Amino acid sequence: MKLQEFHARRLLAAAGLPVPPSSVAETPAQARAAAEEHLPAGGGKVVIKAQVLVGGRGKAGGVKLAGSPDEAEEVARAILGMEIKGITVRRVLVGPAAEIVREFYLGAALDRRARRILLMGSGEGGVDIEQVAAERPDAITYIHADPHLGLLPYQARRMVFEIGLREHWKQAAAIATGLVKVMRENDADLVEVNPLAIVRAADGTETVQCLDAKITLDDSALHRHPDLEQMRDPDEEDPVDREAREQDISYIRLDGTIGCMVNGAGLAMTTMDLIKRAGGEPANFLDIGGGARADKVAAAMRLILGDANVKAILVNIFGGIARGDEVARGIVEARKVQTRDVPMVVRIVGTNAAEAAEILRAGSFDTAASLDQAVEMAVAAASAAAA
Ligand code: GDP
Ligand code: MN
C-alpha cells in the first residue's frame, strides 16, 4: 500500500526527521486559508503540491509556488481536478516553500535477494533521479543496513559524505539512520526522500530538510499497524483489488481466458496447472478460502466476470469446511445477477457433494464427475467461444 505524501511526511516527522510544516486542502478556499497560515512573515512563498500516488508530479505541473493567498487559491484551483498519469487530483498539500540550495536523493528499499534493507543515496537528487540511475549508476551510492542493528553510525556517515553532504553530515546522518528506522518500524518496502535538500532560511542559516516523501508499506504486515491501515486512500485503489480485499478473497488477474474459482491456494495452483496441460490458459488465480459462504462465492463470480478476457469459468471446490451445498447455492445466486453469458463448468466434491449436485442439476449447470473432465470441458468451452 502506497501512502500519500502528507501521510508519509507524518511518519517521517513522528520519527524526528526534519519535515517542513504543511496542511492539506481539498478546495481552493482551504488552500487560501492554508497559505495565509504558511506564508512566511517577511515575504516568501508557499509550495502547493498535488497529492496523488504517482511520481513525477513536479514535471506534470502538480507542484507550484505561490506568493500570496490570492495566488495560492488560483494555483490550487488549477491543480485540484487536474489529471496526473490518469489520476484526478482531489487534495493538495500547502506549506512554506523552501529556498533550495542543493537537492539530494536518499531512499531505503527492501533488497529481497540480500535479505537486507538497502540504503540508496545520490548527490544528484530531484526530478531526474530515474534518468541519473539509468544513465550513470556510479552517481548512486548503495549501502546495506545491518539486519539486526539497522544502519550503523559509520554507514550513515559514509553515505552522507559520499553524496556530498559533508558540511551537514551530522544532520544528514541522522536522517539516513531515521529512514531505515521508519522502514523497520512501519514494515515498509520503500521509504524515499527526493529531494532531500539543503535549505536556506531567511537568516541565511542552512539545514537539511525532507521536501518530499514516498512510503510503500508491506500489505502482508498491515495487520500489525491498524493506525497505518487508516491511511489507505480508497479513491486510488484498484476497484478489483478493493473488492477482493474486502471479501477476503485472494485474486490475481492473469492474461488467459478461463476464469477459475477454487478454494485453497494449493488446489488453485493445481487447477491452473491442469488447465495449462489441457491446452488452456487460466485468466486468474482465485482462492475463495475456507468456509466460503454464498455471498463470497457471488463476489468471486463478479471478480471473474469483471475480466473481459474470460470466455469460460471453471469452479473447482473441495468441500471440507466449505460445504458443497452452500457453494452451489452461491453459484445459483451469482448466475442470477450475472452480467454476461459465459459457459461455466462446476466440480464440487467432499462435504455435502450430493446436495450440491442436486442444486446444480436443478439449475441446469454443466457438472463434471472428475477434475480432468471438468478442465477438459472448460478448455473446450473457452476455445469454442474464441472461435
Ligand atoms: P515529485 O515530482 O512528484 O517527486 O514532487 P516533489 O515534491 O519532489 O517536487 C518536485 C520538485 O519541485 C522538487 O524536486 C523541487 O525542485 C521542487 N520543489 C518542491 N518543494 C519545493 C519547495 O519547497 N521550494 C522550492 N523552491 N521548490 C520545491
Ligand atoms: Mn520527489
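Note that the coordinates shown come from a computational prediction; the quantities given were computed from them, not determined experimentally.

Q: Would you take a moment to explain the side chain of Ser122 for this structure?
A: As for its position among the elements, Ser122 is in strand β9 (residues 116–122). Here the side chain of Ser122 touches Glu124 through a polar contact of 3.0 Å, landing on its backbone nitrogen. Among all residues touching Ser122, those that are not within four sequence positions of it are Phe104, Tyr105, Ile129, Ala139, Ile140 and Ile163.

Q: Can you walk me through the coordination of the manganese ion (ligand 2) in this structure?
A: Geometrically, a metal with four donors at the corners of a regular tetrahedron has ideal angles of 109.5 degrees, and one with six donors at the corners of a regular octahedron has ideal angles of 90 or 180 degrees. Each protein donor to the manganese ion (ligand 2) is listed here as Asn194 (O) and Asp212 (OD); together their distances run 2.2 Å. Residue Asn194 is located in strand β11 (residues 188–200), and its partner Asp212 is located in the loop between β12 (206–210) and β13 (214–217); the two are separated by 18 residues in the primary sequence. Across the pair, Asp212 and Asn194 agree in class, each one buried.

Q: What am I meant to see in the site of ligand 1 here?
A: Inspection of the region around ligand 1 gives 16 residues, with Lys49, Arg57, Gly58, Ala98 and Glu103 positioned closest. Ala98 places a polar main-chain atom, nitrogen or oxygen, 2.8 Å from an oxygen atom of ligand 1. At 2.7 Å from an oxygen atom of ligand 1 is found a side-chain nitrogen or oxygen belonging to Glu103. Starting from 560 Å² of accessible surface for ligand 1 in isolation, the protein chains cover 83%. Every element with two or more residues in the shell around ligand 1 is listed here: β3 (46–50), β8 (99–111) and β11. Of the residues belonging to the shell around ligand 1, the class tally is seven nonpolar, four polar and five charged. There are two domains that each give the shell around ligand 1 at least three residues, and those are domain 1 (1–20 + 99–237) and domain 2 (21–97).

What counts, and where the lines are drawn
- Residues numbered from 1 in each chain as written.
- Chains lettered and ligands numbered in written order.
- Predicted model: local features only at pLDDT ≥ 70, side-chain atom pairs only at ≥ 80, totals over all residues.
- Heavy atoms only, no water.
- Helix = DSSP H or I, 4+ residues; strand = E, 2+ residues; numbered from the N terminus.
- Polar contact = N/O pair within 3.5 Å; in protein donor to acceptor, adjacent residues only side chain to side chain.
- Contact = heavy atoms within 4.5 Å.
- Donors = N, O, S within 2.8 Å, 3.2 Å for Na, K, Ca; no water.
- Buried < 20%, exposed > 50% of the residue type's maximum accessible area, 1.4 Å probe, protein only.
- Near = heavy atom within 4 Å.
- Areas by Shrake-Rupley, 256 points an atom, 1.4 Å probe, with all protein chains shown as cover.
- Nonpolar A, V, L, I, M, F, W, Y, C, P; charged D, E, K, R; others polar.
- Domains from an automatic or database assignment.

Bear in mind that shape data such as this cannot, by itself, settle questions of function.
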